Structure formats: C-alpha cells, structure tokens
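# Topology and contacts: notes
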Amino acid sequence: MPPKSKVHATDSEWYALVKEGVERKIFGEISYERIFKDKDGNHVLNGAMGVDKIKEVNGKQINLLRFICILVPINTYLRKLRGDSNLLPFLPQLSLLALEPDEILYLDSEDMLSCFNLFKMPDSWAGFFAFEKPVSSAVFGKDASSVSYVYMRAVPMGWPGAVDVMQAMARRLIFKDCGVSPSTELRKDSNLPEGDVSIVCMDGFDFIRRVKVLGDMFDAPSRKRSDEMESFISTCRDLGLPLNASKQLIHGLRASVLGGEIDGLNGRIMHSREKGMKFMLKTLVLLTLGQVSQTHVQHWRGLFCFAAGFRRPLFSILQEIFPFIQNFPEPSSSRFG
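Now for a description of the structure that goes with this document.

The rules behind each value
Residues numbered from 1 in each chain as written. Predicted model: local features only at pLDDT ≥ 70, side-chain atom pairs only at ≥ 80, totals over all residues. Heavy atoms only, no water. Helix = DSSP H or I, 4+ residues; strand = E, 2+ residues; numbered from the N terminus. Expected span 1.5 Å × (residues − 1). Buried < 20%, exposed > 50% of the residue type's maximum accessible area, 1.4 Å probe, protein only. Arc of directions from axis to C-beta. Contact = heavy atoms within 4.5 Å. Pairing = 2+ DSSP bridges. 1 Å grid on protein atoms, 1.4 Å probe; cavity = no way out; pocket = protein on both sides within 12 Å on 5 of 7 lines; lining within 4 Å. Points joined across faces, edges and corners; volume = space filled by probe spheres on them. Nonpolar A, V, L, I, M, F, W, Y, C, P; charged D, E, K, R; others polar. Phe/Tyr/Trp six-rings, centres within 6.5 Å; stacked < 30°, edge-to-face > 60°. Disulfide = S-S within 2.5 Å. Axes fitted to C-alpha atoms, helices over the stretch in contact; angles between N-to-C directions.

### Topic: helix H5 (residues 273-288)
With 16 residues, H5 should cover 22 Å at 1.5 Å per step; its first-to-last C-alpha distance of 23 Å lies within 8% of that length. Within H5 the residues assigned to the buried category are Gly-276, Phe-279 and Leu-286. Viewed along the axis of H5, the buried residues span an arc of 90°, placing them on a single side of the element. Looking at H5, the residues exposed on the side facing more than 90 degrees away from the buried face are Arg-273, Glu-274, Lys-278 and Thr-288. Among the structural elements, strand E12 (268-271) and helix H6 (294-308) are those in contact with the buried residues of H5.

This is the structure in structure tokens:
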C-alpha cells in the first residue's frame, strides 16, 4: 500500500481554497481514472497543509497561510531528477573575485513573485499530483451534487524535481529570452566569470557589475539598472510574470544575496548577519539540552558549513562532527560533554 497523507482542511475550507486556486490556474480537475496507481492498482493521493507566512502588505505586517503540498505518497515512486539543481550558484565562489583599488561593484536585483505558481507542469504529469480530498464539482462549474478530484497544475514544491525544473526555467528565461550572456553565469561547475556576474537562483536574478570609480560618480543623478536587468524586467512584463517590488535593488553598493552579504564598496563578502544570529541562537539552545538528536546535529552542521564557506579555515573545527553524525550513538549516550 502507498503511504497515506491527508488534506488538513474542512470541506468548506478546501472548497474555498480550490476555488481560489482554479481562478489562478494553479489547480485543475482530474478524473479518478487518471490518478497514478501503484503496481497493485492502489491510487496514490497526496495531502496538503498550511504554514504561517508573515508578509508586508501596504507597509503593514500581516499573517498569511502558505499552501504546502504533502507529496510523501507520490515521492515514494519518483526519483530525483539530475538536472539544473546541480548548477545552482554557490555564493562563496565570489570570494575569489579580486577588485583593484579603484574598482567597486554595483548590484541590481529582481525577484519573481511566487515563481513556483507561475509555471504549469505538462498535462501528462497531472496524475502524479492529485490530492486525496475530493471537492464539490461546483467549483469547476459542474453539478454541485457530484464531487471531483483536484490536482496541482503549477510546479509543486516538495516534489524532488521542483528545483531542477524551476532552475532550468530561470536559466532559459535569462540566458535565452532576455539575451544575457551565459559567460556571466555564476555556477558550481564553472570558473568565476572574468567580468560581470549573473546570479540566477530560481525566482531571483542578481547582476553584479565591476566598475571603475571616476570622480563624483556616486553623486550622479541618473543611476539606472544595467541593460541586462532592464531586459529581464521587460521580458517578465511581456510574459505576464509579476516581480516582487519589496526585493528590488537598483544600482546598489550593498545587497543580501543567497544568504550572504555583498559589500561592493569595500569589496567584501560574508554570510548574512541574520543567518549568523540564527546560528548563534541555535548553538546556545543546543548547549542547554542534555540530549540531542542526529537531526539537530545535522542541521547545526549545515548552518556552520554555510558560514564556513566564506572563511574556509573554519572547516577545521568540524573534523570530528562528520564521523559523529555518521556513527551517531544511541539516544542514551548522545550527549554533549
């Protein structure tokens, strides 16, 4: 039998949610016969839930509920794609960049809004992403006395291939549709670009320009985006892809990028202070515990490795933690000491 997961919503909540999703073309109707079945003929149906999301709307902080697909059932049958997630940029690579005394970095940034919901999976994938909870067919303009099954039309977060699909989409959009030179791309399997740098990570596009300091350039009244960023913005508008105004940066000298901070004026790159604070607090909390789980240690290790990427000698501190995680002791002995 396939794993079970449920939609954590009442009938009325699910109806209202599906109605909004259908209007936004995020959800679609699927017949019961088209839903994926395992080798024994059992239908594989997925769950859903919501998590709190604080967003700023019109200058006010409001608490929203983010929709989350629980794809544990279908993920049992799907393998990880070997795609563009292997090309995701690794920010500490920029520490190899050397600036001349008269050079600075200018940064332009834009983010697509809710990018996973902007693109549709092929119809042939519909049967993999159906939910276990049916809904009144009235939501699809049909007889209210009957019920229909719902599937995720957009790229479903929580599916192992989602990042590969979105990163491939973003790279095609920027380096083909927008005409940005692929030689500028920061990626794990290539050398650091020699001149300008494009940082492409699914929903975000950051463009870094290396420029010479000339006289009173900081007082220039006509600061404008790079041609590459202008092309990205105009292409997104033509395609109807909304941008996140709160994450926009034009001609900046400092910026937060991929969990790090870039100081283009002084030529420095480091992990973000916000992440540093979270890491410090997590460390203090773990030290107060008499016992820790393997997951606790793995998560702490991940945060430390990210920060150490900006100062690589710090990795020497972790010499003992990797065999400790690999051969994690029984709960009774997994103590700090």
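### Some details on the sheet that holds strand E5 (residues 135-136)
Across the sheet, three strands lie side by side as E1-E6-E5; this open sheet has antiparallel pairing. Strands with a single pairing partner mark the edges of an open sheet, and in this sheet they are strand E1 (27-30) and E5. Sheet topology places E1 next to strand E6 (residues 147-152); four bridges connect them, and they run antiparallel. By the bridge assignment, Gly-28 is partnered in E6 with Tyr-151.

### With respect to empty space enclosed by the protein
This structure, assessed with the given rule, holds one cavity of 30 Å³ or more. Along its surface, the largest cavity is lined by Lys-120, Met-121, Pro-122, Asp-123, Trp-125, Ala-126, Phe-129, Tyr-151, Met-152 and Arg-153. In terms of residue class, the lining of the largest cavity is made up of seven nonpolar, no polar and three charged.

### Re the packing of aromatic side chains
Counting across every chain of the model gives 19 aromatic pairs. Between Phe-128 and Phe-129, the ring centres sit 6.5 Å apart and the planes meet at 65°, which makes this aromatic pair edge-to-face. Taken together, the ring pairs in this structure connect Phe-36, Tyr-77, Trp-125, Phe-128, Phe-129 and Trp-159 into an aromatic cluster.

### Regarding the state of the cysteines
Think of a disulfide as a covalent bridge from one cysteine sulfur atom to another cysteine sulfur atom. Applying the stated criterion to the full structure yields zero disulfides. For the unlinked cysteine Cys-69, the closest cysteine sulfur is that of Cys-115, found at 14 Å. Of the cysteine sulfurs around Cys-236, a residue in no disulfide, the closest is that of Cys-178, at 6.0 Å.

### A closer look at the sheet that holds strand E11 (residues 260-263)
What holds strands together in a sheet is hydrogen bonding between their backbones, with the strands either parallel or antiparallel. Read across the open sheet, the three strands follow the order E10-E11-E12; overall the sheet is antiparallel. In the strand order of this sheet, the two ends are held by strand E10 (254-257) and E12, each with one partner. Geometrically, the sheet is characterised by an average inter-axis angle of 20° between neighbouring strands, direction not taken into account. For E11 and E12, the ladder comprises four bridges, and the chain directions are antiparallel. Along E12, the bridge assignment pairs Asp-263 with Arg-268.

### Quick look at H6
Taking 1.5 Å per residue, 15 residues should reach 21 Å; H6 reaches 21 Å between its end C-alpha atoms and fits that length. Buried residues of H6: Val-297, Trp-300, Phe-304, Ala-307 and Ala-308, and no others. Viewed end-on, H6 has its buried residues packed into an arc of 95°, placing them on one side of the element.

### Details of the layout of surface pockets
Where empty space is left can be seen by rolling a probe of water-molecule size over the atoms. When its volume is computed, the largest pocket comes out at roughly 1700 Å³. As for the largest pocket, its lining consists of 42 residues, of which Lys-53, Lys-55, Arg-66, Ser-114 and Asn-117 are closest to the centre. For the lining of the largest pocket, the secondary-structure elements that each account for two or more residues are helix H1 (11-23), strand E2 (47-57) and strand E3 (60-70). Of the residues in the lining of the largest pocket, the class split is 25 nonpolar, eight polar and nine charged. Approximately 810 Å³ is the volume found for the second largest pocket. In terms of lining residues, the second largest pocket is bounded by 22 residues, among which Lys-247, Ser-256, Val-257, Leu-258 and Gly-259 are the most central. Where the lining of the second largest pocket is concerned, the elements lending two or more residues are strand E4 (103-111), strand E7 (197-201), strand E8 (204-212), E10 and H5. Class assignment of the residues belonging to the lining of the second largest pocket gives a composition of nine nonpolar, six polar and seven charged.

### Some remarks on unusual backbone geometry
The phi dihedral of Lys-25 falls on the positive side, at around 65°, and the residue is not glycine. Counting through the fold element by element, Lys-25 comes out in the loop between H1 and E1. For Met-202, which is not glycine, the phi torsion reads 55° and is therefore positive. For Met-202, the position within the fold is in the loop between E7 and E8. The exposure class of Met-202 is buried, given its relative accessible area of 17%.

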